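Examination of the molecular architecture
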Amino acid sequence: MQNRLKQIATIVDGANLVAQFICYRLLELIVIVTVLQVILRFGFNNPTKWSEEVAMISLVWFGMLAVAIGVRRHSHISIMFFRDLLPPSGRQVVDALAQIAILIFASILIFKGWDLVTVTGRSRLPASQLPKSWLYFSAFSSGCLMGLNAITNLVTRSLSTDTNPEAEAHR
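Residues numbered from 1 in each chain as written. Predicted model: local features only at pLDDT ≥ 70, side-chain atom pairs only at ≥ 80, totals over all residues. Heavy atoms only, no water.

**As for the nonpolar core**
Counted only if it meets this: By nonpolar core is meant a set of buried Ala, Val, Leu, Ile, Met, Phe, Trp, Tyr and Cys residues that side-chain atoms within 4.5 Å join together. Think of it in three bands: residues with accessible area under 20% of the maximum for their type are buried, residues over 50% are exposed, and the middle band is partly exposed, with areas taken using a 1.4 Å probe on protein chains only. By the criteria applied, helices consist of DSSP H or I runs no shorter than four residues and strands consist of E runs no shorter than two, each listed in order from the N terminus.
If you look at the biggest cluster of nonpolar residues, it comprises 17 residues, and the most contacted ones within it are Ala19, Ile57, Trp61, Leu65, Ile69, Leu145 and Met146. Elements represented by at least two residues in this core include exactly helix H1 (2-43), helix H2 (51-73), helix H4 (88-120) and helix H5 (133-155).

**Considering H5**
Residues spaced three or four apart along an α-helix point in a common direction, a consequence of the helix completing one turn every 3.6 residues. Stated formally: What a helix should span is 1.5 Å times the count of its residues minus one.
Along its 23 residues, H5 runs 33 Å from first to last C-alpha, staying within 8% of the 33 Å computed at 1.5 Å per residue. Arg157 sits one or two positions beyond H5 and adopts a positive phi of about 55 degrees.

**Focus: a nonpolar patch on the surface**
Note the following rule: Distance thresholds for patches are 9 Å for like charges and 5 Å for nonpolar side chains (Val, Leu, Ile, Met, Phe, Trp, Tyr), applied to residues having over 30% relative accessible area and no salt bridge. Surface accessibility in these figures is a Shrake-Rupley result with a 1.4 Å probe; residues are shielded only by whichever protein chains are displayed. We count a salt bridge whenever a side-chain nitrogen from Lys or Arg sits within 4 Å of a carboxyl oxygen from Asp or Glu.
On the surface, Val93, Leu97, Ile100, Ile104 and Ile108 cluster together to form a nonpolar patch covering roughly 450 Å² of accessible area. Within the secondary structure, Leu97 is located in helix H4.

**Side note on the packing of H2 against H5**
Cut-off, in case you're wondering: All axes here are fitted lines through C-alpha atoms, helices being fitted over the stretch that makes contact, and every angle between N-to-C directions spans 0 to 180 degrees. Here roughly perpendicular refers to angles of 65 to 115 degrees, roughly parallel to angles under 35, roughly antiparallel to angles over 145, and oblique to all remaining angles. Residues are sorted three ways: Asp, Glu, Lys and Arg are charged, Ala, Val, Leu, Ile, Met, Phe, Trp, Tyr, Cys and Pro are nonpolar, and all the rest, Gly among them, are polar.
For the pair H2 and H5, interaxial distance at closest approach is 8 Å and the crossing angle is 10 degrees. The orientation of H2 with respect to H5, classified from their angle, is roughly parallel. Per-class residue counts for the contact of H2 with H5 are 17 nonpolar, six polar and one charged.

**Examining unusual backbone geometry**
For residues that are not glycine, phi is negative in most cases, and the peptide bond is trans in most cases. Phi angles above zero are rare outside glycine, and Asn45 is one such case at about 50 degrees. Tracing the backbone shows Asn45 in the loop between H1 and H2. If you check the backbone angles, Gln129 has positive phi at about 65 degrees while not being a glycine. Assignment of secondary structure puts Gln129 in the loop between H4 and H5. Given the relative accessible area of 45%, Gln129 is considered partly exposed.

**Description of the environment of Arg91**
Rule in force here: Here a residue-residue contact requires only that any non-hydrogen atoms of the pair lie within 4.5 Å.
Among the structural elements, Arg91 can be located in helix H4. A relative accessible area of 25% means that Arg91 is categorised as partly exposed. Note: C-alpha distance between Arg91 and Ile108 (17 residues apart in sequence) is 26 Å. Excluding residues that lie within four positions of it along the chain, Arg91 makes contacts with Arg83, Asp84 and Leu86.

Geometric values such as these leave the question of function open.
In structure tokens, the structure reads:
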């Protein structure tokens, strides 16, 4: 059973590595598009129409994926004062409740994100003509990864950095 849990954690960590790779590429795209826009606007007085929308979509996707990755790594800010006053078994209960709350939030992102994707349908962003649904699909995708990470944390009992020393290595 323990070996099976390690396999699951390895697969989920692989999905997070893919998301991390995407985040790095999105940051690169944001920098390139923004620098290009500045050069074209101030150097040639000929700005692009699409650059702000592309940078905005990239930033939203980056933020949503980064938040989901943070769930697996336990890298979000948390107030530990009262939790740390509890005995170890009480800490685990509080940590499990935190992961359940994250799972509930992730399910809201999944369902409401999908609603937004379907509502926007075929509408397009005005300058770039990119589908508007791409913007909202980030909430759905982030919710899926966030939920997967919360479930993995619960199943593998990787509930916080002090119950999972490997999580500290990701920081």
